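# Understanding the architecture of this molecule
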Amino acid sequence: MCSEHRAGRPKASSRETIAEAACELFLEQGYEQTSIVDISRRAGVSRSSFFNYFSSKSDVLWAGLDERLAEFERRIATDGSTDAAAAVRAATLAIADGFAPDSLALGIVNAAAMGLEVEYERDAALRRARVARAVSARLAHGGADRVRAEVAGAAWGGAVIAAIEAWAHDGAGRTSLARFLARASDAAGSTSWTDPVGEVAQLRVVVQAAAFEQTLAFYRDVVGMPQAEAYEADGGARVAILAAGRATLEIANPAQVEFIDRVETDGDAPSDRIRLALEVADTDAAVARLDEGGAVIEASARVTPWRSRNARLRGPAGLQLTLFQELGPES
């Protein structure tokens, strides 16, 4: 856009004519000094015609991308696959479909000349946040915890805008946006890993605790499971949801339980029907911390045949806990 008319050139649509007129004026007299009346006059349309195509002056730059972001949001919100990360990548790459050079690319390259650097940064941040919200919601639905989903969403939001900026500076009319989106997706993709899920997106263990504050403080502050959500209801009802990283369900037959009890204990702390196993970085340090915080040690720490250091404790609300530290192969 913003190029001179040439003989034989197809007649531009009113939308293209308005965008071209706006770009010319931004370059000539600056973004802030250009009014919608100026743009309408230069384009040869009425002010009401301007608003038939654009909601604001800045929309002249962003309308094309916003249309693609709306489709991006629709795609990942309606995707029903179990691989959330793959769905996000596919929707991101699809942004390039039919995205020809437009006023946004010109504005990025000429932001200083047009005097819209501050305006551009503000508007770009809104689009980053828009992508981030959509991605974090999809990854959370796919099994990622809140922190991982939010971090990944921010990475994908930055990736999309970074790819478009690189594409514009590389010469939007001469290079492929798809290539830059693919590179940006590779960079953002490392933050989007989630465990494979089937019909169940999250495993949550629900514990009834009469001593609510004491139990919450122990598992949140002593064990070290950060609070992800909390809710209150009528009648003093309260619940706190603590994050524990990866969640799995281990199903063992009676022979396996007896074997684990022989390995982890001295035979005097048999497994409950349900026992929580928590992976920690240092079993001995964690045992000392939990012991001081009110847990009862049922079996001291010891190395298992499968190279983990395990200890068994009894925590508040009667939960039986196994703390385990993965030691890795022997050197």
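In what follows, the accompanying structure is described. No experiment lies behind these values; they were computed from the predicted model shown. (Residues numbered from 1 in each chain as written. Predicted model: local features only at pLDDT ≥ 70, side-chain atom pairs only at ≥ 80, totals over all residues. Heavy atoms only, no water.)

### Describing the packing of aromatic side chains
As a reminder of what qualifies: Each aromatic pair joins two rings of Phe, Tyr and Trp (for Trp, the six-membered one) with centres within 6.5 Å, and gets the label stacked for planes under 30 degrees apart, edge-to-face for over 60, and tilted for any other angle. Accessibility here uses a 1.4 Å probe with only protein chains present; expressed as a share of the type maximum, an area under 20% marks a residue as buried, one over 50% as exposed, and anything in between as partly exposed. As a reminder, the over-ring test applies to NZ of lysine and CZ of arginine, requiring each to be within 6 Å of the ring centre and within 35 degrees of the ring normal.
Inspection of the entire model under this criterion finds seven aromatic pairs. Between the aromatic rings of Phe50 and Phe51, the centroid separation amounts to 5.3 Å while the plane-to-plane angle is 85°, which identifies the pairing as edge-to-face. The exposure class assigned to Phe50 is buried, which follows from its relative accessible area of 0%. The exposure class assigned to Phe51 is partly exposed, which follows from its relative accessible area of 36%. Here a set of aromatic residues connected by ring pairs shows up, and it is made of Phe50, Phe51 and Phe54. Over the aromatic face of Tyr31 sits the side chain of Lys57, whose NZ or CZ is 4.4 Å from the ring centroid.

### Considerations on the pattern of salt bridges
Counted only if it meets this: Salt bridges are defined as contacts in which a side-chain nitrogen from Lys or Arg sits within 4 Å of a carboxyl oxygen from Asp or Glu. Secondary structure counts use DSSP, requiring at least four H or I residues in a row for a helix and at least two E residues in a row for a strand, with both numbered from the N terminus.
Summed over all chains, the structure comprises 21 salt bridges. Of the charged contacts in the structure, one is a salt bridge between Arg42 and Glu28, with a shortest N-O distance of 2.8 Å. Of this pair, Arg42 sits in helix α2 (residues 36–43) while Glu28 sits in helix α1 (residues 14–29), and the two are 14 residues apart along the sequence. Since its relative accessible area comes to 37%, Arg42 is described here as partly exposed. Look at Glu28 and you get exposed, because its relative accessible area is 52%. Overlapping salt bridges bring together Asp66, Glu73, Arg127 and Arg130 as one network.

### Re the side chain of Thr322
Quick reminder of the rule: Only heavy atoms matter for contacts: two residues are in contact if any of them lie within 4.5 Å across the pair.
Secondary-structure assignment places Thr322 in strand β6 (residues 320–326). Exposure remark for Thr322: the relative accessible area of 1% places this residue in the buried category. For Thr322, the contacting residues outside a window of four places in its chain are Glu264, Arg275, Leu276, Ala277, Leu278, Asn310, Ala311 and Arg312.

### Remarks on the sheet that holds strand β4 (residues 296–303)
The pairing of strands in a sheet comes from backbone hydrogen bonds and takes either a parallel or an antiparallel form. Rules: In this analysis, strands are considered paired if DSSP registers two or more bridges between them. Only the stretch in contact is used when a helix axis is fitted, and all axes are lines through C-alpha atoms; the angle between N-to-C directions ranges over 0 to 180 degrees.
On the basis of which strands lie adjacent, the open sheet formed by four strands has the order β3-β6-β5-β4 and mixed pairing. At either margin of the open sheet sits one strand with a lone partner, and together these are β3 (276–279) and β4. Strand-to-strand twist of the sheet, defined as the mean angle between neighbouring strand axes without regard to direction, takes the value 20°. Bridge count between β4 and strand β5 (residues 308–314): five bridges; the pairing is antiparallel. By the bridge assignment for β5, Val303 is matched with Arg309.

### Concerning unusual backbone geometry
The bulk of non-glycine residues show a negative phi, and the bulk of peptide bonds are trans. Phi is positive for Arg307, which is not a glycine, with a value near 65°. Mapped onto the secondary structure, Arg307 falls in the loop between β4 and β5.

### Topic: the side chain of Ser136
One can find Ser136 in helix α8 (residues 117–141). For Ser136, a relative accessible area of 8% gives the class buried. Contact partners of Ser136, with chain neighbours within four places excluded, come to Ala149, Glu150 and Gly153.

### As for the packing of α1 against α2
The line we're drawing: In these notes the angle categories are as follows: under 35 degrees is roughly parallel, over 145 is roughly antiparallel, 65 to 115 is roughly perpendicular, and the rest is oblique. Handedness of a helix crossing follows the sense of rotation of the near helix relative to the far helix, less than a right angle counterclockwise being left-handed and clockwise being right-handed.
Following both chains from N to C, one finds α1 and α2 inclined at 120°, their axes separated by 8 Å at the closest point. It follows from the interaxial angle that α1 and α2 lie oblique. Here the hand of the crossing between α1 and α2 comes out right-handed. Side by side, α1 and α2 meet where Thr17, Ile18, Ala21, Ala22, Glu24, Leu25, Phe26, Glu28 and Gln29 of the first sit next to Asp38, Ile39, Arg42 and Ala43 of the second.

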